[in-house]
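# Remarks on the overall topology
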Amino acid sequence: MANAAEPIFSDRYSRQTRFAAIGEDGQRKLAKSSVLIVGVGALGASLAQHMVRAGVGEVRLADRDFVEPSNLQRQMLFDEADALAVLPKAVAAANKLRQINSSVSLVATVADVNAANAAALASGVHLVLDGTDNAATRLLLSDLCFKQHIPFVYGGVAGAQGMQAALIPGATSCLRCLIGAEDSEHEVDTCDTVGVLAPAVEFVASLQAAEAIKWLSGNQEAIRQTWLSVDLWSFRLRESKLPSGSAHCPYCGSGVEPPRPAKPILETAMQDEDVISSAVLCGRDTVQVTLGKPLQLAELEKSLVEQGCKLTVNRYLVKAALQSGEQLIFFPDGRVLVQGTADAEHAIRLCRHYFYS
Ligand SMILES: [Zn+2]
């Protein structure tokens with residue numbers, strides 16, 4: 001494989017450095033930057049590609065999911081081979097991104113981003129990019145970013161509509177002040193209920209990537225200080241000025257130490273002595289069950305075969321197709337995605353049956 005240090009790549013960034021606002025100085029700043037992208041689905045995969053092609057020094061990717069055929073219509077880094085191999089999105093994305101730019105340090109984490117691991121994942125980054133698909137994770141990231149003075153570049157898409165804003169601690173209000181609580185009505189429509197058009201994703205990802213490149217290349221004064229909404233179908237574009245921090249908000253306001261979030265990041269549907277908890281993934285006919293301990297995939301694989309499951313296995317996960325129609329996807333960090341049900345108790349029963357038998 002060609003190496004990024006080879007002379008043939010010496011003008012890789014020439015068209016970007018010729019852009020006056022960036023120049024050689026901005027390019028050096030980009031190379032010294034690090035970003036965290038949470039969610040490597042449609043928005044995240046596109047954001048990752050922009051960051052890697054632009055020459056951001058370190059790109060961290062975190063995602064809890066794996067590549068499925070229904071992703072390929074809009075998630076631009078993935079292909080049929082990734083879906084057939086049931087690769088985790090963070091891994092499949094990192095594999096492609098290394099081929100695009102081998103000089104970027106890529107860190108792929110296959111995990112559910114939650115209150116327990118978000119701070120470690122974001123530690124030391126210059127920017128957090130939103131590639132998530134739910135209000136709860138976005139608010140967790142906004143809270144964390146405002147607490148740690150890291151800009152949070154929000155983006156959301158459903159149908160042909162999108163929204164985008166760069167939220168800057170000390171300058172703008174936080175996401176919580178803009179959209180309300182986890183159960184606010186702002187995100188009633190999801191990609192799983194109303195579908196999503198790939199061009200709408202790319203439009204919002206481009207807006208996010210542009211703000212990120214401005215910030216990381218030292219052009220902070222060029223940051224767009226507005227909340228932008230777009231409908232690409234009817235083409236309507238609306239922009240409203242972002243308010244500054246609200247006085248009584250513990251995150252974007254007074255500087256009072258923020259309280260713990262009022263709600264846990266994932267709705268805990270059931271909890272017992274095995275520390276099993278679950279979360280229904282919004283609109284997806286999927287429940288995420290957390291077993292509370294790491295899984296030995298090799299052992300599990302044997303036991304699932306004995307129980308008559310049809311398996312797809314790679315080094316990152318074991319996917320078991322049950323005769324009853326559901327699919328269980330086991331990850332080594334102790335998570336199980338149960339597809340084919342939105343009933344948390346049923347999902348837990350299935351996990352117990354196939355994990356503990
Ligand atoms: Zn706030």
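Residues numbered from 1 in each chain as written. Predicted model: local features only at pLDDT ≥ 70, side-chain atom pairs only at ≥ 80, totals over all residues. Heavy atoms only, no water.

## Things to note about the overall build of the protein
Stated formally: Think of it this way: any DSSP run of H or I at least four residues long counts as a helix, any run of E at least two long counts as a strand, and we number them from the N terminus. Throughout this description, buried means an accessible area under 20% of the type-specific maximum (1.4 Å probe, protein chains only), exposed means over 50%, and partly exposed covers the range between. Working rule for contacts: check all heavy atoms of both residues, and any pair within 4.5 Å makes them a contact.
Within the protein, the secondary structure is distributed over 12 helices and 14 strands. Expressed as a percentage of its 357 residues, the buried residues of the protein come to 54%. Of the contacts made within the protein by residues no fewer than 6 positions apart, 63% connect residues no fewer than 24 positions apart.

## Remarks on the coordination of the zinc ion
Under the convention used in this document: The rule for donors is simple: N, O or S, within 2.8 Å of the metal, or within 3.2 Å if the metal is Na, K or Ca. Water isn't counted, so a site may look like it is missing partners. Geometry assignment treats four donors as tetrahedral when all angles are between 85 and 135 degrees, treats four as square planar and six as octahedral when opposite donors are over 155 degrees apart and all others between 65 and 115, and treats everything else as irregular.
Within the first shell, the zinc ion binds the protein through Cys174 (SG), Cys177 (SG), Cys249 (SG) and Cys252 (SG), at distances of 2.3 Å. Here the zinc ion is ringed by four donor atoms whose angles at the metal span 101 to 116°, and the overall shape comes out tetrahedral. Overall, Cys177 belongs to the partly exposed group, its relative accessible area being 34%.

## Comments concerning the environment of Leu337
Of note, Leu337 is situated in strand β14 (residues 335-339). The exposure class of Leu337 is buried, given its relative accessible area of 1%. As for Leu337 and Lys319, which are separated by 18 residues in sequence, their C-alpha atoms are 9.2 Å apart. Setting aside its immediate chain neighbours within four residues, Leu337 contacts Arg64, Asp65, Phe66, Leu281, Thr286, Val287, Gln288, Gln327, Leu328, Ile329 and Phe331.

## Observations concerning the sheet that holds strand β13 (residues 327-330)
In plain terms, the rule: We treat two strands as partners when DSSP finds at least two bridges between them. A fitted line through C-alpha atoms represents every axis, and for helices the fit uses only the stretch in contact; the resulting angles, taken between N-to-C directions, go from 0 to 180 degrees.
The six strands are arranged β9-β10-β14-β13-β12-β11 in an open sheet whose pairing can be described as antiparallel. At either margin of the open sheet sits one strand with a lone partner, and together these are β9 (277-281) and β11 (310-314). Averaged over all pairs of adjacent strands, the angle between their axes in this sheet comes to 15°, without regard to strand direction. Where strand β10 (residues 286-290) lies against β14, five bridges are found, and the strand directions are antiparallel. Residue pairing in the sheet places Thr286 in a bridge with Gln339 of β14. Running over the sheet, helix α12 (residues 344-356) touches β9, β10, β13 and β14 and is turned about 55° from β10.

## Here's the deal with the pattern of salt bridges
Filter applied, for reference: When a carboxyl oxygen of Asp or Glu is within 4 Å of a side-chain nitrogen of Lys or Arg, the pair counts as a salt bridge.
Using the criterion set out here, one finds 11 salt bridges in the structure. A salt bridge links Glu58 to Arg60; the nearest nitrogen and oxygen atoms lie 2.9 Å apart. Look at Arg60 and you get buried, because its relative accessible area is 15%. A salt bridge links Arg335 to Asp333; the nearest nitrogen and oxygen atoms lie 3.1 Å apart. With relative accessibility at 3%, the residue Arg335 sits in the buried group. Residues joined by salt bridges that share partners form a network here, namely Glu211, Lys214, Arg224 and Glu239.

## Focus on the pairing of strand β12 (residues 317-321)
It is a general feature of regular strands that their side chains alternate between the two faces of the sheet. Where burial is concerned, most of β12 is hidden: four out of the five residues are buried. Inspection of the sheet shows β11 paired to β12 by five bridges, in the antiparallel sense. Opposite Lys310, over in β12, you have Ala321 as the bridge partner. Linking two consecutive strands that pair antiparallel, namely β11 and β12, is a turn of two residues. As defined by bridge partners, β12 adjoins β13 across four bridges and the pair is classed as antiparallel. Residue Val318 lies in a different strand from β13, and its bridge partner there is Phe330. As consecutive antiparallel partners, β12 and β13 are separated by five residues, and within that stretch Gly325 has a phi angle of approximately 105°, a positive value.

## Describing the packing of helix α3 (residues 42-54) against helix α10 (residues 198-216)
Under the convention used in this document: Should an angle fall under 35 degrees it is called roughly parallel, over 145 degrees roughly antiparallel, and 65 to 115 degrees roughly perpendicular, with every other angle called oblique. Crossing handedness is read from the near helix: turned anticlockwise from the far helix by less than a right angle, it gives a left-handed crossing, and turned clockwise, a right-handed one.
Relative to each other, α3 and α10 sit at 40°, their axes nearing to 9 Å. Considering the angle they form, α3 stands oblique to α10. Regarding α3 and α10, the two cross each other, and that crossing is right-handed. On α10, the residues touching Ala42, Leu43, Ser46, Leu47, His50, Met51 and Ala54 of α3 are Val201, Glu202, Val204, Ala205, Ser206, Gln208, Ala209, Ala212, Ile213 and Leu216.

## Some remarks on the nonpolar core
For clarity, the cut-off: Working definition of a nonpolar core: buried Ala, Val, Leu, Ile, Met, Phe, Trp, Tyr and Cys residues. They are joined through side-chain atoms within 4.5 Å.
Among the nonpolar cores identified, the biggest contains 40 residues, and Val35, Ile37, Met51, Val59, Leu61, Leu97 and Leu129 are the most heavily contacted of them. Those elements that provide at least two residues to this core are β1 (34-38), α3, β2 (58-63), α5 (89-100), β4 (127-130), β5 (152-158) and α10. Of all hydrophobic cores here, the second largest spans 29 residues; its members include Leu139, Leu140, Leu167 and Leu242.

## Remarks on the packing of aromatic side chains
For the record, the criterion: What counts as a ring pair is set by centres within 6.5 Å for rings of Phe, Tyr and Trp (its six-membered ring), and what kind of pair is set by the plane angle: stacked under 30 degrees, edge-to-face over 60, tilted for all other angles. By definition here, charges over rings are those cases where NZ of Lys or CZ of Arg is within 6 Å of the ring centre and within 35 degrees of the ring normal.
Tallying each qualifying case throughout the model produces one aromatic pair. Ring geometry for Tyr154 against Trp227: centres 5.0 Å apart, planes inclined by 20°, an arrangement best described as stacked. One end of the pair, Tyr154, is in strand β5; the other, Trp227, is in strand β7 (residues 226-231), with 73 residues separating them in the sequence. When its relative accessible area of 11% is taken as the criterion, Trp227 is described as buried. Over the ring of Phe331 we find Arg335; its NZ or CZ atom is 4.3 Å from the centre of that ring.

## Some words on α10
As a reminder, the rule being used: Each helix should span, by expectation, one fewer than its residue count multiplied by 1.5 Å.
The end-to-end C-alpha separation of α10 is 26 Å, in line with the 27 Å expected for 19 residues at 1.5 Å each. Of all the positions in α10, only Ala198, Ala200, Val201, Val204, Ala205, Leu207, Gln208, Ala209, Glu211, Ala212, Ile213 and Leu216 are classed as buried. The positive-phi residue at the C-terminal boundary of α10 is Gly218, with phi of around 90°.

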